[in-house]
Amino acid sequence: MNREAWLMGAIDRLRPTYAAAGFPLPAKLKATCSWPVSGGASTRHRTIGQCFDAAASADGTTEIFVSPVRAATAEALATLAHELIHAAVPDAGHKGQFVRV
């Protein structure tokens, strides 16, 4: 299984948890292992994940990138779970609804 398949499988398993909490994930959602747009090589404040709203995608898909530096399973899953919160509440930043999720 490649990294993308693993990430998509994790999303399938986590989707009911977010929905049960009242924060359903977008229907069109994709995750991949990729370097972030910026900050991926930083040693002080490294970006380890990013979520791009559906409006940024030509086909309306919410896209999540998990940095390849998150090689350990638990690290990758934690980063994915964090980015899924951004997918569920795209305008929250790291406050308000983000904290509640």
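Look a little higher up for the structure.
Residues numbered from 1 in each chain as written. Predicted model: local features only at pLDDT ≥ 70, side-chain atom pairs only at ≥ 80, totals over all residues. Heavy atoms only, no water.

## Section: helix α2 (residues 73-88)
To keep things clear, this is the line we draw: Put simply, DSSP H or I for four residues or longer makes a helix, DSSP E for two residues or longer makes a strand, and each gets a number counted from the N terminus. An expected span of 1.5 Å times one less than the residue number is assigned to each helix. Under the scheme applied here, a residue whose accessible area is under 20% of the maximum for its type counts as buried, over 50% as exposed, and between as partly exposed, the area being computed with a 1.4 Å probe on protein chains only. Pairs of residues are marked as contacts when any of their non-hydrogen atoms sit within 4.5 Å.
The first and last C-alpha atoms of α2 sit 22 Å apart over 16 residues, in line with the 22 Å expected at 1.5 Å per residue. Those residues of α2 lying buried are A76, T79, L80, E83, L84, I85, H86, A87 and A88. On its buried face, α2 sits against α1 (3-20), β1 (29-33), β2 (49-52), β3 (62-66) and α3 (97-100).

## Topic: the pattern of salt bridges
Heads up, the condition is: Every case where a carboxyl oxygen of Asp or Glu lies within 4 Å of a side-chain nitrogen of Lys or Arg is listed as a salt bridge.
Counting across every chain of the model gives one salt bridge. Linking K30 and E63 is a salt bridge whose minimum nitrogen-to-oxygen distance equals 3.8 Å. Here E63 lies in strand β3 and K30 lies in strand β1, a separation of 33 residues in the sequence.

## Thoughts on the packing of aromatic side chains
The test is simple: Whether two aromatic rings pair depends on their centres lying within 6.5 Å, for rings of Phe, Tyr and Trp, where Trp uses its six-membered ring; planes under 30 degrees apart make the pair stacked, over 60 edge-to-face, and the rest tilted.
Applying the stated criterion across every chain yields a total of one aromatic pair. On the basis of an interplanar angle of 55 degrees and a centroid distance of 5.5 Å, the ring pair of F52 and F65 is categorised as tilted. One end of the pair, F52, is in strand β2; the other, F65, is in strand β3, and 13 residues separate them in sequence.

## Re the sheet that holds β2
Rules: DSSP calls a pair of strands paired once it identifies at least 2 bridges connecting them. Every angle, taken between N-to-C directions, lies between 0 and 180 degrees, and every axis is a line fitted to C-alpha atoms, over only the stretch in contact when it is a helix.
Taken in spatial order, the three strands line up as β1-β3-β2 in an open sheet, and their pairing is mixed. Only two strands of the sheet have a single neighbouring strand rather than two, namely β1 and β2. Each strand of the sheet is rotated relative to its neighbour by a mean of 15 degrees, with strand direction disregarded. Judged from the five bridges that link them, β1 and β3 form a sheet pairing that is parallel. Looking at the pairing, T32 lines up with F65 of β3. Where α1 meets the sheet, it contacts β1 and β3, and its direction lies at approximately 140 degrees from that of β1. Lying over the sheet, α2 contacts β1, β2 and β3, oriented at roughly 155 degrees with respect to β3.

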